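The chain contents come next:
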Amino acid sequence: MEFSFKQFSLDHSLSSMKVGTDAVLLSSLMPRNRAKHILDIGTGCGVVALLAAQFNPQATVTAIDIDTPSMAQARNNFASSPFADRMQAIETSLQDFAANKDHIGRFDLVVSNPPYFVDSLKAPKASRNLARHNDKLPFGELVEGISRIITPEAQIAIILPEAQSKETEQLFARKNIHISRQVKIFPKEDRPIIRVVNIYSPKAVRREEATLTIRTCNGEYTPEYKAIVSEILL
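Here the residue index of a chain counts from 1 through its sequence in written order. Thresholds applied to this predicted model are a pLDDT of at least 70 for local features of residues and 80 or more for the giving and counting of side-chain atom pairs; totals over whole chains, interfaces and linings are not thresholded and use all residues. Computation of side-chain values covers all heavy atoms of the structure but excludes hydrogens and water.

Caption draft 1: Region of the structure containing helix α6 (residues 139–149). Those residues of α6 lying buried are F139, L142, V143, G145, I146 and I149. Burial along α6 is one-sided: seen end-on, the buried residues are contained in an arc of 165°. Summarising the contacts, the buried residues of α6 are in contact with β3 (37–41), α4 (94–99), β6 (107–112), β7 (150–160) and α7 (162–174). Only protein chains enter the calculation, and the probe is 1.4 Å; a residue is then buried if its accessible area is under 20% of its type maximum, exposed if over 50%, and partly exposed in between. Under the DSSP-based scheme used, a helix requires at least four consecutive residues in state H or I and a strand at least two consecutive residues in state E, with every element numbered from the N terminus. What the arc covers is the set of directions going from the helix axis to the C-beta atoms. Here, two residues are considered to be in contact whenever any of their heavy atoms come within 4.5 Å of each other.

Quick look at the structure:
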């Protein structure tokens, strides 16, 4: 099952999470062109990591996940991409990764489309649950791990539903890490928010707020959505 982007193609047939709108939104709105060392947490098939490599041509990209089939697929996707020499996939949890002293204070861009369901009905497939439910990576441990491995100048890009976004914002604030940019995502002009992309920074910065609507009431993609994905999608 191959999915083609402008600069690469990838296979997501084995991954616990397929290429989807959340990954495209996060990748389109993440910071770009500055980073030297990038970490993608919960990479799945590797799509966000690959787009981070595309948008940050000087950066090395490390992708982590605890799902074995996803990691195998990510490694294959990285190896066949134009960015192969700058990418690595490591099968590990964020908790273990952040405990490694070699990773402390290393990354200047962290991106994540993390599992966010809490105490909700689970799917029959265990790998799907790992990708969607935060049993193995509670928000507190996500924030704790990220706070250990970032540089003082780092940026952190995370996509979540609105309620989980607010919870995570509060947890980051306790670490003196605050939102520099927030984009609220609406699926259609007449629908409520479905996702929030937050860009965090440990630096004291002015907060910028924006909205993005994916489709018009007629179901067509909005000009603003087409503009932000123009460098990604065919």
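Caption draft 2: Representation of empty space enclosed by the protein within the structure. Lining residues are defined by having an atom within 4 Å of a point belonging to a cavity or pocket. Those points lie on a 1 Å grid over the protein atoms alone, cavities being sets where a 1.4 Å probe fits but cannot get out and pockets being open sets with protein on both sides within 12 Å along at least five of seven lines. Grid points are joined across faces, edges and corners, and a volume is the space filled by probe spheres set on the points. As enumerated under the stated definition, the model contains one cavity of 30 Å³ or more in all. The calculated volume of the largest cavity comes to roughly 30 Å³. Forming the walls of the largest cavity are I158, L160, S165, T168, V196, N198 and Y200. Classification convention: Asp, Glu, Lys, Arg as charged; Ala, Val, Leu, Ile, Met, Phe, Trp, Tyr, Cys, Pro as nonpolar; all other residues, Gly among them, as polar. Per-class residue counts for the lining of the largest cavity are four nonpolar, three polar and no charged.

Caption draft 3: Here's a closer look at the sheet that holds β3. A pair of strands is labelled paired if DSSP reports no fewer than 2 bridges between them. The mixed open sheet is built from eight strands, whose spatial order is β5-β4-β3-β6-β7-β9-β8-β10. Taken across any chain shown, the strands that pair with only one partner, and hence form the sheet edges, are β5 (87–91) and β10 (208–215). Averaged over all pairs of adjacent strands, the angle between their axes in this sheet comes to 15°, without regard to strand direction. Pairing analysis gives seven bridges linking strand β8 (residues 178–188) to β10, with the strands arranged parallel. Note that in β10 the partner of Q182 across the bridge is E209. Each of β7, β8 and β9 (195–201) touches α7; the most contacted strand, β9, lies at about 15° to it. The angle between two axes is taken between their N-to-C directions and runs from 0 to 180 degrees, where each axis is a line fitted to C-alpha atoms and a helix contributes only its stretch in contact.

Caption draft 4: Focus on the side chain of D40. Position of D40 among the secondary structure elements: in strand β3. For the buried D40, no salt bridge is present, and the opposite-charge side chain at shortest range is R75, 13 Å distant. Polar contact criterion, stated in full: a pair of N or O atoms within 3.5 Å, where within protein one must be able to donate a hydrogen and the other to accept it, and residues adjacent in sequence count only if both atoms are side-chain atoms. Here T43 takes part through its side chain, which lies 2.7 Å from a polar atom of the side chain of D40. Separated by 3.4 Å, the side chain of D40 and the backbone nitrogen of A49 make a polar contact. With sequence-adjacent residues up to four places away left out, D40 is seen in contact with V48, A49, T62, A63, I64, V111 and S112. Only four residue types enter the charge count, namely Lys and Arg as positive and Asp and Glu as negative; His and the chain termini do not. Whenever Lys or Arg places a side-chain nitrogen within 4 Å of a carboxyl oxygen from Asp or Glu, that contact is recorded as a salt bridge.

Caption draft 5: View of the side chain of S70. Structurally, S70 can be placed in helix α3 (residues 68–79). Among the polar contacts listed, one links the side chain of S70 to the side chain of S15, at a separation of 3.4 Å. Among all residues touching S70, those that are not within four sequence positions of it are L14, S15, S16 and G44.

Caption draft 6: Structural view of the pairing of β7. Buried residues dominate β7, accounting for nine of its 11 residues. Across five bridges, the pairing between β6 and β7 is parallel. Each bridged residue has a counterpart across the sheet, and for V110 the counterpart in β7 is I156. Sheet topology places β7 next to β9; five bridges connect them, and they run antiparallel. Looking at β9, one finds that I159 is bridged to V197.

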